Amino acid sequence: MMIYIDADACPVVRIAERIAREHHIPVTLLCDTSHQLTSDYSSIRVIGEGADAVDIALINLCRCGDIVITQDYGVAALALGKGAKAIHQSGRQYTDENIDGLLMERHLAGKARRGGKQRLKGPAKRTEEDDRRFADSLEALIRQTEG
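This one's a predicted model, so the numbers in the text were calculated from it and none came from an experiment. Just so you know, the residues in each chain are numbered from 1, in the order the chain's sequence is written. Where local features are concerned, this predicted model is filtered to residues with pLDDT of at least 70; where side-chain atom pairs are given and counted, the filter is 80 or more; whole-chain, interface and lining totals use all residues. Only hydrogens and water are removed before side-chain values are computed, so all heavy atoms of the structure are retained for them.

### A few points about helix α5 (residues 128-146)
Stage number 1. In this model α5 runs 27 Å from its N-terminal to its C-terminal C-alpha over 19 residues, within 8% of the 27 Å that 1.5 Å per residue would give.
Stage number 2. Taken residue by residue, α5 has Asp-130, Phe-134, Ala-135, Leu-138, Glu-139, Leu-141 and Ile-142 as its buried positions. Each buried residue of α5 sits inside an arc of 165° when the element is viewed along its axis, so together they form one side.
Stage number 3. Any two residues whose heavy atoms approach within 4.5 Å are treated as being in contact. In this description a helix means any DSSP run of H or I spanning at least four residues, a strand means any run of E spanning at least two, and both kinds are numbered starting from the N terminus. Structurally, α5 contributes buried residues whose contacts are with β1 (3-6), α1 (13-23), β4 (67-69), β5 (85-87) and β6 (93-94). Here, expected helix span is obtained from the residue count minus one, scaled by 1.5 Å. Throughout, exposure labels follow a simple rule: accessible area from a 1.4 Å probe, protein chains only, divided by the maximum for the residue type, with under 20% read as buried, over 50% as exposed, and the rest as partly exposed. Of all possible arcs, the one meant is that of the directions from the helix axis to the C-beta atoms.

### A few points about the nonpolar core
Where a protein is soluble and globular, its nonpolar side chains tend to be buried together.
Stage number 1. Note on terminology: a nonpolar core comprises buried Ala, Val, Leu, Ile, Met, Phe, Trp, Tyr and Cys residues joined through side-chain atoms within 4.5 Å. Among the nonpolar cores identified, the biggest contains 21 residues, and Ile-3, Ile-5, Ile-69, Phe-134 and Leu-138 are the most heavily contacted of them.
Stage number 2. For this core, the secondary-structure elements that each account for two or more residues are β1, α1, β2 (27-32), β4 and α5.
Stage number 3. Among the nonpolar cores identified, the runner-up in size contains 19 residues, and Leu-30, Ala-57, Leu-58 and Leu-102 belong to it.

### Some thoughts on the sheet that holds β2
Stage number 1. Pairing between strands requires that DSSP locate at least two bridges from one strand to the other. Strands sit in the order β3-β2-β1-β4-β5-β6 across an open sheet of 6 strands; the sheet is mixed. Taken across any chain shown, the strands that pair with only one partner, and hence form the sheet edges, are β3 (43-47) and β6.
Stage number 2. Where β2 lies against β3, 5 bridges are found, and the strand directions are parallel. Bridged to Asp-32 within β3 is Ile-47.

### Considering the environment of Val-46
Stage number 1. Turning to its location among the elements, Val-46 is positioned in strand β3.
Stage number 2. Other than its neighbours up to four places away in sequence, Val-46 contacts Cys-31, Asp-32 and Thr-33.

### Some details on the side chain of Thr-70
Stage number 1. Its location among the elements puts Thr-70 in the loop between β4 and α3 (73-81).
Stage number 2. Only 3.0 Å separates the side chain of Thr-70 from the backbone nitrogen of Asp-72, close enough to count as a polar contact.
Stage number 3. When near neighbours in sequence (up to four residues on either side) are disregarded, Thr-70 contacts Asp-6, Val-75, Ala-76, Ile-87, His-88, Gln-89 and Tyr-94. Under the rule applied, a polar contact is a pair of N or O atoms within 3.5 Å (in protein, one hydrogen donor and one hydrogen acceptor; residues adjacent in sequence only if both atoms are side-chain atoms).

### A word on the pattern of salt bridges
Stage number 1. In the sections that follow, a salt bridge refers to a side-chain nitrogen of Lys or Arg positioned within 4 Å of a carboxyl oxygen of Asp or Glu. All told, the structure shown has 9 salt bridges when counted by the stated rule.
Stage number 2. Here Arg-132 ties to Glu-129 by a salt bridge, and the two come within 3.1 Å at their closest N and O atoms. Taken together, the positions of Arg-132 and Glu-129, both in helix α5 and 3 residues apart, correspond to about one turn of that helix.
Stage number 3. Here Arg-133 and Glu-129 are joined by a salt bridge, their closest N and O atoms 3.6 Å apart. Separated by 4 residues within a single helix, Arg-133 and Glu-129 lie in helix α5, roughly one turn from each other.
Stage number 4. Residue Glu-129 is classed as partly exposed on the basis of its relative accessible area, which comes to 39%.

### Quick word on unusual backbone geometry
Stage number 1. If you check the backbone angles, Ala-9 has positive phi at about 60° while not being a glycine.
Stage number 2. Turning to its location among the elements, Ala-9 is positioned in the loop between β1 and α1.
Stage number 3. With a relative accessible area of 59%, Ala-9 lands in the exposed category.
Stage number 4. Here the phi dihedral of His-24 falls at roughly 60°; this positive angle occurs in a residue that is not glycine.

### What about the pairing of β2?
Along any regular strand, the residues point their side chains to alternate faces of the sheet.
Stage number 1. Burial of β2 is extensive: 6 of the 6 residues sit out of reach of the surface.
Stage number 2. Along β2, one buried face is formed by Val-27, Leu-29 and Cys-31 and the opposite face, lined by Thr-28, Leu-30 and Asp-32, is buried too.
Stage number 3. Strand direction decides the pairing type here: β1 and β2, joined by 4 bridges, are parallel. The residue of β2 that forms the bridge with Tyr-4 is Thr-28.

So this is what it looks like as structure tokens:
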């Protein structure tokens, strides 16, 4: 098992690394050339610029049984299709049961933005409770995947 993190602007990298280290699971951070990442645990893959270059590289690397951390519903859907597990930085696990609805929400929100009819609020400021929820969810996902 590997953990792959879509690490561009991901606020849970250090939490995921801590948990992965405790379980002896290797981690790969993927980012584009506009980000500079450092880690004393994870391997880092810097992917060339391009609209979906990091996403494509991550999906090409992940395999059945791996865990993908991403806030991108499309990446999550592709990871699930390969038999990997996927989790959002909020701690929400992506599943075959919820991914279609999430993709539809994303589609409708994009359509509303393009139509100029709706202004969507950004995410709320991240809290310690958000970090705890993510950590608990990642722990549970690892146990589920190992079991």
